[in-house]
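# Structure assessment
Residues per chain are reported as follows:
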2 protein chains.
Amino acid sequence: MTAEIIDGKAIAATIREEIRQEVAAMQAAHGRVPGLATVLVGARKDSETYVRMKKKACAEVGIASFGHELPADISQDELLAVVEGLNADPAVHGILVQLPLPDHIDDEAVLAAISLEKDVDGFHPLNIGRLSMKRRDPLFVPCTPKGCIELLDRSGIEISGRNAVVLGRSNIVGLPVAMLLLHRNATLTVCHSRTADLPAMVRQADILIAAVGRAEMVKGDWIKPGAAVIDVGVNAIDDANDPRGYRLVGDVAFDEAREVAGAITPVPGGVGPMTIAMLLRNTTDAAVRAFGG
Amino acid sequence: MTAEIIDGKAIAATIREEIRQEVAAMQAAHGRVPGLATVLVGARKDSETYVRMKKKACAEVGIASFGHELPADISQDELLAVVEGLNADPAVHGILVQLPLPDHIDDEAVLAAISLEKDVDGFHPLNIGRLSMKRRDPLFVPCTPKGCIELLDRSGIEISGRNAVVLGRSNIVGLPVAMLLLHRNATLTVCHSRTADLPAMVRQADILIAAVGRAEMVKGDWIKPGAAVIDVGVNAIDDANDPRGYRLVGDVAFDEAREVAGAITPVPGGVGPMTIAMLLRNTTDAAVRAFGG
């Protein structure tokens, strides 16, 4: 048996088309569209790329985007003033502050300054706090973890009552996706670098979320036959056969794992496209709330 | 082999004595002592008992306590005004709003109104959010979960790298203790009513935290030989031989489990006494911070 490939690119395209239609209907009904403000501090190449991709994705579905590129030496107070301005701007429904911020700026203070109603990245400490409690629904869920759950749901994979193993415990992916799985009634296990017998723990997973950032660490014989494998890792490894001299692989040894798993995401083309689709989803939800449905 | 009994009563007494000496030293150095404000809304018998026990425990270690008993029909705004007053009161270092609150009051709004620096119960949504993220230390950790970890530490039980299983996922105990174990580098599993094969999951636990509130649900043969068992449950069961007609038991079948476990808390006399000791600890820490060390 070879695993079903969970085609994140196709699923994300479907979601983007759903959003495009919603936005068009919103424009027709209210004469207004959702607006996303992006805030980029400094000139990190990777951050610039991410922000550019997000703005392009907005444009494709009809969401307005407002780019704020700020100097790396901006003071925290100046940055907070920018955020306050965006909080007050009725054309802005979502505010995305691209992380990481320079060292002289306190991330948490900046994230906490974003209006809860515009926190489309879901990293406001209050939204994180609500995510970490039962029956305290956050207004927004962080995009990559939300994308992982959406991939499972749209592939018809049952979560409730099943053993979910999360590899990794980052604030951005591992911890929030763990909370989402638990709220969906999975039996949750979180593994990490200190886990004693990682292969044995992973082998219990009906659902495996790999988010450690180590190239092809999870081997085929770690996978429970029939498991659903969501691979969040994106790792560059040397490849002389590739014109770029490298290629991207996940945290899971894909070719081995697909022989055992029931369903698996490829890298690239799995979780990656979902992150931006979920940002568009959150921004549109914010606008729906602002427009009163 | 019979398990070592983790004597929560004795450990809590040791902690209370440590705090008593700290408070005496504080009084000598600053002429001031820590102060705890308790806020009780309505006349639930159980809540009245808890508040009375907390005030008595304060008195025994030299912490001042200030009781606020408010009518059940107090408005949310009036209650928030009381909290604001306590936030501003320099004699008050910790504010404890006894839960549950009446239905017409929004718990989260009240907990969020408590000054972060006085949130000795650790239930402010920002403290919960920080608890749920790596490297975002909360100012205060909720008392019962903190007490569970303290019992392990003071019994010399290693947490890092070991399999910890938490039974139950309440906001008060299960979820926060799960985060604490994960931050201490345990491999974490959270089980609950939807878990498929509970005995098999529990059998993997080097450390078991039982917090489901079901009398003697965990049987002796669910316990891994040598495991540390922390039983948070307090359940009343009928007992014709007891003059009260009932007795208190934990979530773990104690007599069976002690034959298998390496260490186990009794009920009563295990976790129970630790909760109040941790409240005194948090209140004293708050005062130390307020006095500048």
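Scoring rules and cut-offs
- Residues numbered from 1 in each chain as written.
- Chains lettered and ligands numbered in written order.
- Predicted model: local features only at pLDDT ≥ 70, side-chain atom pairs only at ≥ 80, totals over all residues.
- Heavy atoms only, no water.
- UniProt positions renumbered as here; feature names shortened; annotations may be inferred.
- Contact = heavy atoms within 4.5 Å.
- Buried area = accessible area lost by both parts, 1.4 Å probe.
- Salt bridge = Lys/Arg side-chain N within 4 Å of Asp/Glu carboxyl O.
- Polar contact = N/O pair within 3.5 Å; in protein donor to acceptor, adjacent residues only side chain to side chain.
- Helix = DSSP H or I, 4+ residues; strand = E, 2+ residues; numbered from the N terminus.
- Least-squares fit on C-alpha atoms with pLDDT ≥ 70 in both.
- Pairing = 2+ DSSP bridges.
- Axes fitted to C-alpha atoms, helices over the stretch in contact; angles between N-to-C directions.
- Buried < 20%, exposed > 50% of the residue type's maximum accessible area, 1.4 Å probe, protein only.
- Phe/Tyr/Trp six-rings, centres within 6.5 Å; stacked < 30°, edge-to-face > 60°.
- Lys NZ or Arg CZ within 6 Å of the ring centre and 35° of its normal.

- Looking at an unreviewed UniProt entry, chain A carries the name Bifunctional protein FolD, with the source organism given as Marinihelvus fidelis.
- Quoted verbatim from the Function (unreviewed entry) field of UniProt, the annotation for chain A is "Catalyzes the oxidation of 5,10-methylenetetrahydrofolate to 5,10-methenyltetrahydrofolate and then the hydrolysis of 5,10-methenyltetrahydrofolate to 10-formyltetrahydrofolate."

### Thoughts on the interface of chain B and chain A
- Taken together, the 33 residues of chain B in the interface contact 33 residues of chain A.
- Contact between chain B and chain A buries roughly 3,200 Å² in total, counting both sides, with carbon and sulfur atoms accounting for 54%.
- The largest contributions to the chain B side of the interface with chain A come from E108(B), K134(B) and R169(B), which together make up 16% of the buried area.
- Summed over the shared surface of chain B and chain A, the result is four salt bridges.
- For R136(A), the salt bridge identified is with E108(B), shortest N-O distance 3.9 Å.
- At the surface where chain B touches chain A, the tally comes to 19 residue pairs in polar contact (both at pLDDT 80 or more).
- When contributions to the side of chain B that touches chain A are tallied by element, the ones reaching two or more residues are α4 (107-113), α5 (125-131), α7 (174-183) and β6 (187-191) of chain B.

### As for the relation of the copies chain B and chain A
- Overlaying chain B on chain A yields an RMSD of 0.0 Å, the required transformation being a rotation through 180 degrees with an accompanying axial translation of 0.0 Å. With respect to symmetry, the two chain copies, as superposed, fit the operation of a two-fold axis.
- Counting the interface residues of chain B, we find that 100% of their copies in chain A are interface residues as well, pointing to one common contact surface.

### A short note on the sheet that holds strand β4 (residues 94-97) of chain B
Residues and elements named next belong to chain B.
- Pairing within the open sheet is parallel, and its three strands lie in the order β3-β2-β4. Bordering the open sheet on either side are β3 (64-70) and β4, each of which pairs with just one other strand. Neighbouring strand axes in the sheet, compared pairwise and without regard to direction, differ in orientation by 15 degrees on average.
- In the sheet, strand β2 (residues 35-41) pairs with β4 via four bridges, with the strands oriented parallel. Pairing of L36 across the sheet is with G94, part of β4.
- Here helix α2 (residues 45-61) sits on the sheet in contact with β2, β3 and β4, set at roughly 170 degrees to β2.

### Re the sheet that holds strand β7 (residues 207-210) of chain A
- In spatial order, the strands read β1(A)-β11(A)-β8(A)-β7(A)-β5(A)-β6(A)-β6(B)-β5(B)-β7(B)-β8(B)-β11(B)-β1(B); together these 12 strands make up an open sheet with mixed pairing. Only two strands of the sheet have a single partner each, and these edge strands are β1 (4-5) of chain A together with β1 (4-5) of chain B.
- Sheet topology places strand β8 (residues 228-231) of chain B next to strand β11 (residues 263-264) of chain B; two bridges connect them, and they run parallel. Across the sheet, the residue bridging to A228(B) is A263(B), located in β11(B).
- Across the sheet, helix α7 (residues 174-183) of chain A is in contact with β5 (163-167), β6 (187-191) and β7 of chain A together with β6 of chain B; its angle to β5(A) comes to roughly 170 degrees.

### Considerations on the environment of R136(A)
- Of note, R136(A) is situated in the loop between α5 (125-131) and α6 (143-154).
- For R136(A), a relative accessible area of 16% translates into the label buried.
- Once the C-alpha coordinates of R136(A) and I63(A) are considered, the two residues, 73 residues apart in sequence, prove to be 29 Å apart.
- Every residue in contact with R136(A), bar those within four places of it in the chain, is listed here: R130(A), L131(A), D107(B), E108(B) and L111(B).

### Describing the packing of aromatic side chains
Residue and element names in this part refer to chain B.
- Evaluated as defined, the whole model comprises zero aromatic pairs over all chains.
- The ring of Y246 carries the charged tip of R244 above its face, separated from the ring centre by 4.7 Å.
- The ring centre of F140 lies 4.9 Å from the NZ or CZ of R289, which sits over that ring.

### A closer look at unusual backbone geometry
- Cis geometry marks the peptide bond from L99(A) to P100(A); its omega dihedral reads 0 degrees.
- Structurally, P100(A) is set in the loop between β4 (94-97) and α4 (107-113).
- The omega angle of the peptide bond from V267(B) to P268(B) is -5 degrees, so this bond is cis rather than trans.
- Turning to its location among the elements, P268(B) is positioned in the loop between β11 and α10 (272-291).
- The phi dihedral of N185(A) is positive, around 70 degrees, even though this residue is not glycine.
- As for its placement among the helices and strands, N185(A) is situated in the loop between α7 and β6.

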